[in-house]
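Residue-level listing of the chains:
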Amino acid sequence: MPTDLLADLPPGEDDCTALFAGPRQATSRLVLLHGWGADADDLLDLGPVLLGADPAGIGLSVVALRAPLPHPAGQGRQWYDLQQPEWPQLPEARRALRQRLLALGTSVPLQHTCLLGFSQGAAMAIDVATGGGPDDGDPLPLAGLVACSGYPHPDWQPRTPRTAILLTHGEQDPVVPFAASVALERSLAEAGGSVRRIAFPGGHSIDAELIAPMREFLVRSWQGR
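Residues numbered from 1 in each chain as written. Predicted model: local features only at pLDDT ≥ 70, side-chain atom pairs only at ≥ 80, totals over all residues. Heavy atoms only, no water.

S.K.: What should I look at first to understand the pairing of strand 8 (residues 144–148) in this one?
M.R.: In summary, the side chains of a regular strand alternate between the two faces of the sheet. Across the 5 residues of strand 8, 5 count as buried, placing the element largely inside the fold. Going residue by residue along strand 8, you find Gly 144, Val 146 and Cys 148 tucked away on one face and Leu 145 and Ala 147 tucked away on the opposite face as well. Of the pairings in the sheet, the one linking strand 7 (residues 113–118) to strand 8 comprises 5 bridges and is parallel in character. Across the sheet, the residue bridging to Leu 115 is Leu 145, located in strand 8. The pairing of strand 8 with strand 9 (residues 164–170) spans 5 bridges and is classified as parallel. Bridge pairing in strand 9 places Cys 148 opposite Thr 168. (Buried < 20%, exposed > 50% of the residue type's maximum accessible area, 1.4 Å probe, protein only. Helix = DSSP H or I, 4+ residues; strand = E, 2+ residues; numbered from the N terminus. Pairing = 2+ DSSP bridges.)

S.K.: I keep staring at helix 4 (residues 90–104) and nothing clicks. Help me out?
M.R.: Helical periodicity: at 3.6 residues per turn, an α-helix aligns residues three or four positions apart in one direction. Its 15 residues give helix 4 an end-to-end C-alpha distance of 21 Å, which sits within 8% of 21 Å, the value for a rise of 1.5 Å per residue. Within helix 4, burial applies to Leu 90, Ala 93, Arg 94, Leu 97, Arg 98, Arg 100, Leu 101, Ala 103 and Leu 104. The elements touched by buried residues of helix 4 are strand 2 (18–21), strand 3 (29–33), strand 4 (61–65), strand 7 and helix 5 (120–129). (Expected span 1.5 Å × (residues − 1). Contact = heavy atoms within 4.5 Å.)

S.K.: Before we go on, may I ask you to explain the side chain of His 169 in this structure?
M.R.: Position of His 169 relative to the elements: it lies in strand 9. Excluding its chain neighbours within four sequence positions, the residues that come into contact with His 169 are Ser 149, Gly 150, Val 176, Pro 177, Phe 178, Ala 180, Ser 181, Ile 198, Ala 199 and Phe 200.

S.K.: Help me understand unusual backbone geometry, please; the structure alone is not making it clear to me.
M.R.: A negative phi holds for most residues other than glycine; trans holds for most peptide bonds. Positive phi is not limited to glycine here, since Trp 87 has a value of about 50°. Following the sequence through the fold, Trp 87 ends up in the loop between strand 6 (77–78) and helix 4. With phi around 60°, Ser 119 is a residue other than glycine that occupies positive phi space. Here Ser 119 is to be found in the loop between strand 7 and helix 5.

S.K.: Looking at this model, I keep getting lost on the packing of aromatic side chains. Mind explaining?
M.R.: Two aromatic rings, taken as a pair, are described by how far apart their centres are and by the angle between their planes. According to the stated counting rule, one finds 2 aromatic pairs in the structure shown. Plain terms: the ring middles of Tyr 80 and Trp 87 are 5.3 Å apart, the flat faces sit at 45° to each other, and that makes the pair tilted. Looking at Tyr 80, the relative accessible area reads 0%, which means it is buried. Here the aromatic residues Tyr 80, Trp 87 and Tyr 151 are joined through ring pairs into a cluster of three or more. A cation over a ring is seen here: Arg 24 above Phe 20, with NZ or CZ 5.6 Å from the ring centre. (Phe/Tyr/Trp six-rings, centres within 6.5 Å; stacked < 30°, edge-to-face > 60°. Lys NZ or Arg CZ within 6 Å of the ring centre and 35° of its normal.)

S.K.: Sorry if this is basic, but what is going on with the environment of Gln 111 here?
M.R.: Along the chain, Gln 111 turns up in the loop between helix 4 and strand 7. A C-alpha to C-alpha distance of 4.7 Å links Gln 111 and Leu 142, two positions 31 residues apart in sequence.

S.K.: Just to check I follow, could you spell out the pattern of salt bridges for this structure?
M.R.: Opposite charge on two side chains permits pairing when their charged atoms draw close. Applying the stated criterion across every chain yields a total of 7 salt bridges. For Arg 94, the salt bridge is made with Asp 127, and the minimal N-O distance between the two is 2.8 Å. Taken together, the residues span a long stretch of sequence, with Arg 94 in helix 4 and Asp 127 in helix 5 at a distance of 33 residues. We note that Arg 94, like Asp 127, is buried. (Salt bridge = Lys/Arg side-chain N within 4 Å of Asp/Glu carboxyl O.)

Dropping the structure here:
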C-alpha cells in the first residue's frame, strides 16, 4: 500500500505532517486521528482493513494526521499534553485541527469525509466536529464520525452535530473509563445528534469484532452523501 508524507501538497491542502494512502483527489476520504503517544502510522493500516480493500484500488483517499506535539516520553506524538493541569494546550489544539480538516476539505469536501479517532484522537475528533469548544466555529458537515475509546473534554459543550456519530468503547478499558463513552453519548443525544454506541468486552483498543459494524457505518455515511 503506497504511503507518503503530505509535505509536498499545496498549502491549501494540509501544511502539517500526515500520511496518505490512495489517491489525493477522490470522491470520498477517511481521516484518522491517532491516540496519545502514538503517531500517524499507528492507524494508517486500519484504513484498508475498514474498507476491505486497498484504498488505491477503490479510489478512496485515506489520510492519517500526525499530532503536532512530541510526547513527553520522547517517542510518539500528542494533540495536547495530558500531564499538564487543566490542559492549557487544548484550545490551540482545537483550532489547529479544525484548520487542518478545513484545508483537507479543499481537495475532498468534508461532506464526503469520514473522521475516525482513537483515544485522545477520538476526543479531539468529537470536540472539533461538534464545535464544542468555547472558541470553536460551527459543527463540521462531515459524512460520518467514529470515536473509539474517546472521552469528553471538561469544557466541551456540543452544538447540534451535522453528522451521524458512532462510539465504540471497551467495557474493561483501563486507560479511558467506559463511563466516558456513556457521557459522550448522553451529551451528543441531548444536543440533538444522531449517535450510536457499541460496547465490547475488552480494553483500550479497536477490537476486531468492531470492524464489520464500523465498515457498515462508514459505507452508509459515504453513500448518504
